[in-house]
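Residues per chain, in single letters:
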Amino acid sequence: MASNATNEHGYTLQDVASLFRRRWKPMLGIALAVFLGSVIVAFSLEDLYRSTAEINIQCPEVPDPLLRTEACGDIDRSRRIELVSDKVLSQANLAAIIEEHDLYAEERGDRPAESVVRDMRPNIKLAMTLDDDDPRNKRLGEVMGFTVSFYYPDARKSREVTQELADLFVEASATRTNEAVAEAKSVAASASGALREKLREQEAKLAEFKKQNPGVMPADRSFNMQQLSRREGELDNINRQIRDLQNQIALLTTQLATTDPFIGATAPSGDVVVGSLDQCRALQSRVYDLLGRYSSEHPDVIQARRQLEQVCGTTGAGLREALQLQLATRRAELDSLRQSLGEGHPDVRSLERLVQRLEEDIRNTPAQAAGRQPDNPAYLQLAVRQSGLRSEVSALQGQRNALMTQINDLEDRLERVPDKERELAELNRGYKEAEDAFQAAERRVIDLDRERLAETWILHSRSGMPYKPAFPNRPLIAVVGILLGFTLAALIILVLETVDGTIRGTRDVSTLMD
């Protein structure tokens, strides 16, 4: 049962010991051969000396507000180092160094130095240095510089080439900064000029907009509302005056209608010959009633007119006076109805048609030169007062029309303010954006001058003379050879044991039976 358990779980320590006793010679031979090979390789490799120079990236000791935050410590320094490295380690620079120090003479022979640049590149190593000395440092883990190393069989040349590479890095960094700043200043100055022109255009647009829209700017809204309130108060006052005058005119019209315009002529006997007021009023009422029912061409109207002319005066004059008196009366009634019933009332419209008919009849009735003119002083005084009131009403109506025009203009301005306010806001926004962009461009030009001081590459430690080779590491190669030899030997022995068909015990018998 123990044997079965052993078969299920693989080799036991006894099996391994038995295997080692059987196979120790080939195992030792393989391991020794690999070890000797690694030693031979280690001593056959050419000695390479390494010289290293350290370059630190320092920020100036100036107040932070004077420099942009991204100018020192807040951008990818690794990327900047790579860009400078591409420039320093260019083919032309490395070829010049090879020529100057006569590097790789055997490899290049009579060929130009450019032919061995690819052999030199792997021997140049760059390593970043991080600021991790003090955990309290806020820049912990930030790239604070780098080291440049060069591997070469000649220790003196390794030091010289390393020092020259370090000097090239420092010089290239300063040159690159100056060139970048100069180029950026040129671009920034050009952009600043374009933005200055754009700012002027925005200023001109804003000034032209205000010039073309006087009184409708948002700043004028309060003033316009005050003016509108004042004009509406003046309009209410004028309307009240007009109503009072119209009431007085209506009263005078009524008085004129009941006052005889003529002084009646009397015969020697004392009897009234013509122009009796009662007869004229009766005939006038009859003519009016007939005109309200018939046209001016109706026979009854014509007959009534003849009677009016015979009683009240010669042809035409009496009739015109009668029609004018009747027209004045109806106009007074019309004004009263308009105030009480409104413009659209049927009675108002009917009376308007009667007034229009009387006006038409007056125009169609010829005025005779010999016609009799009113000569009653009381009538004439009322007529003069009425004419004066009508003149006042006409003047007030003119003022009212002017006020209505001003009110409409103010209301139109107030209605246009929201639209103009949106347009003005858009123009102001464009102006503010142009101003901000221009000021940012101006600040950028100033910052670019300061950026020259933002970051400085300094040679922290010069390359030293190496006194022992840095490559190859022969002890390490020997240790690796030993480990690799025993590992390889173990694998080969396991393979040999697996393919060997010799039966050496019950385990092999059980394996064959299974």
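Owing to the predicted nature of the structure, the values given are computational and were not obtained by experimental measurement.

Asks: Lay out the overall build of the protein in plain terms, naming residues and giving numbers.
Replies: Across its full length, the protein holds 15 helices and six strands. Taken over 514 residues, the protein has a buried fraction of 33%. Contacts spanning at least 24 positions in sequence make up 77% of the contacts within the protein whose residues lie at least 6 apart. Carbon and sulfur atoms make up 53% of the accessible area of the protein, which amounts to about 31,300 Å² in all.

Asks: So what's going on with the packing of helix H4 (residues 91–101) against helix H7 (residues 155–212)? Residues and values would help.
Replies: Packing of H4 against H7 leaves a shortest axis separation of 11 Å and a crossing angle of 145 degrees. Between H4 and H7 lies a crossing whose hand is right-handed. Here Leu94, Ile97, Glu100 and His101 of H4 come into contact with H7, specifically with Lys157, Glu160, Val161, Glu164, Leu165 and Leu168. Grouping the amino acids of the contact of H4 with H7 by side-chain chemistry returns five nonpolar, one polar and four charged.

Asks: Let's hear about the pattern of salt bridges: which residues, and what values?
Replies: Enumeration according to the criterion identifies five salt bridges in this entry. In this structure, arginine 108 and aspartate 102 form a salt bridge, with 2.8 Å as the shortest nitrogen-oxygen distance. For aspartate 102, a relative accessible area of 39% corresponds to the partly exposed category. For glutamate 197, the salt bridge identified is with arginine 200, shortest N-O distance 3.2 Å. Placement of both glutamate 197 and arginine 200 in helix H7 is noted, with a separation of three residues, approximately one turn of the helix. Look at glutamate 197 and you get partly exposed, because its relative accessible area is 43%.

Asks: I'd love a proper account of the packing of helix H3 (residues 77–88) against H7, names of residues and values included.
Replies: Remark: H3 packs on H7, axes separated minimally by 9 Å, with the N-to-C direction vectors making an angle of 110 degrees. One element, H3, and the other, H7, form an angle in the roughly perpendicular class. Seen along the crossing, H3 lies across H7 with a hand that is right-handed. Contacts from Arg80, Leu83, Val84, Ser85, Lys87 and Val88 in H3 reach Leu165, Leu168, Phe169, Ala172, Ser173, Thr175, Arg176 and Glu179 in H7. Tallied by class, residues from the contact of H3 with H7 come to seven nonpolar, three polar and four charged.

What counts, and at which threshold
Counting of residues starts from 1 at the beginning of each chain's written sequence and follows it residue by residue. Only residues with pLDDT of 70 or above have their local features reported here, since the model is predicted, and side-chain atom pairs are shown and tallied only from 80 upward, although totals for entire chains, interfaces and linings are computed over all residues. Excluding hydrogens and water, the side-chain values take into account all heavy atoms of the structure. Each helix corresponds to a stretch of at least 4 residues labelled H or I by DSSP, and each strand to a stretch of at least 2 residues labelled E; elements are numbered beginning at the N terminus. Only protein chains enter the accessibility calculation, which uses a 1.4 Å probe. A residue is then buried if its area is under 20% of the maximum for its type, exposed if over 50%, and partly exposed in between. Two residues form a contact once any of their heavy atoms are found within 4.5 Å. Each accessible area is a Shrake-Rupley estimate made with a 1.4 Å probe; only the visible protein chains count as cover when residues are assessed. Axis geometry follows a simple rule: fit a line to the C-alpha atoms, using only the stretch in contact for helices, then measure angles between N-to-C directions, giving values from 0 to 180 degrees. Each crossing is labelled by how the near helix is turned from the far one, with a counterclockwise turn of less than a right angle marking it left-handed and a clockwise turn marking it right-handed. Residues are grouped as follows: Ala, Val, Leu, Ile, Met, Phe, Trp, Tyr, Cys and Pro are nonpolar; Asp, Glu, Lys and Arg are charged; all remaining types, including Gly, are polar. Salt bridges are defined by distance alone: a side-chain nitrogen of Lys or Arg within 4 Å of a carboxyl oxygen of Asp or Glu. Orientation labels follow simple angle bins: below 35 degrees gives roughly parallel, above 145 gives roughly antiparallel, 65 to 115 gives roughly perpendicular, and whatever is left gives oblique.

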